[in-house]
Amino acid sequence: MPKKDELSQRRYRALVAHLEDLMRAGLKPEYEGYYGTLVLTGDDRAELGELHVVRRAAREAGERLGWEPTTKLVGDRLFVVDERDVPEEIYERASRDTADRMGEYRQSAPRPPAEG
């Protein structure tokens, strides 16, 4: 019986490390580790294991990154979100980036023909 427990613990540790890698890869360096989010589809989750195990592993992986992680299941997608308060400087930087992207989108979006 101990070998089974040892195997499941190794699998769990590997899952935590894998999720931590995914979370780290999604971070934008300019936000200094804030605004972390990971979205796992139903297919992703099925490959990773049972929902309660994936959620627990995701929270542990987030904590390793300094996050205050929370998990939310919406439909078949599992969201892992960093709920920390964001410093004002980083908040302003992210707000400017979002405004810039919205401006770029509006400029490139097709315009309806003028009525006349």
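Calculation notes
Residues numbered from 1 in each chain as written. Predicted model: local features only at pLDDT ≥ 70, side-chain atom pairs only at ≥ 80, totals over all residues. Heavy atoms only, no water. Core = buried A, V, L, I, M, F, W, Y, C linked by side-chain atoms within 4.5 Å. Buried < 20%, exposed > 50% of the residue type's maximum accessible area, 1.4 Å probe, protein only. Helix = DSSP H or I, 4+ residues; strand = E, 2+ residues; numbered from the N terminus. Contact = heavy atoms within 4.5 Å. Salt bridge = Lys/Arg side-chain N within 4 Å of Asp/Glu carboxyl O.

**Thoughts on the nonpolar core**
So, point 1. By size, the foremost hydrophobic cluster in this structure holds 15 residues, and its most contacted members are Leu-19, Met-23, Leu-38, Leu-40, Ala-57 and Val-80.
So, point 2. The set of elements that each furnish at least two residues to this core consists of helix 1 (2-25), strand 1 (37-40), helix 3 (51-64) and strand 3 (77-82).
So, point 3. Ranked by residue count, the leading element in this core is helix 1, at five residues.
So, point 4. When neighbours within four sequence positions are excluded, Met-23 is seen to be in contact with Leu-38, Ala-58, Ala-61, Gly-62, Leu-65, Trp-67 and Val-80.

**A word on the pattern of salt bridges**
So, point 1. Taken as a whole and assessed by the stated rule, the structure comprises seven salt bridges.
So, point 2. Among the salt bridges present, the one from Arg-64 reaches Glu-60, with a minimum N-O distance of 3.8 Å. One end of the pair is Arg-64 and the other is Glu-60, both in helix 3 and four residues apart, which spans about a single turn.
So, point 3. On the basis of relative accessibility, which here comes to 29%, the residue Glu-60 falls in the partly exposed class.
So, point 4. Shared partners join several salt bridges into a network, and the residues in it are Glu-20, Arg-24, Glu-60 and Arg-64.

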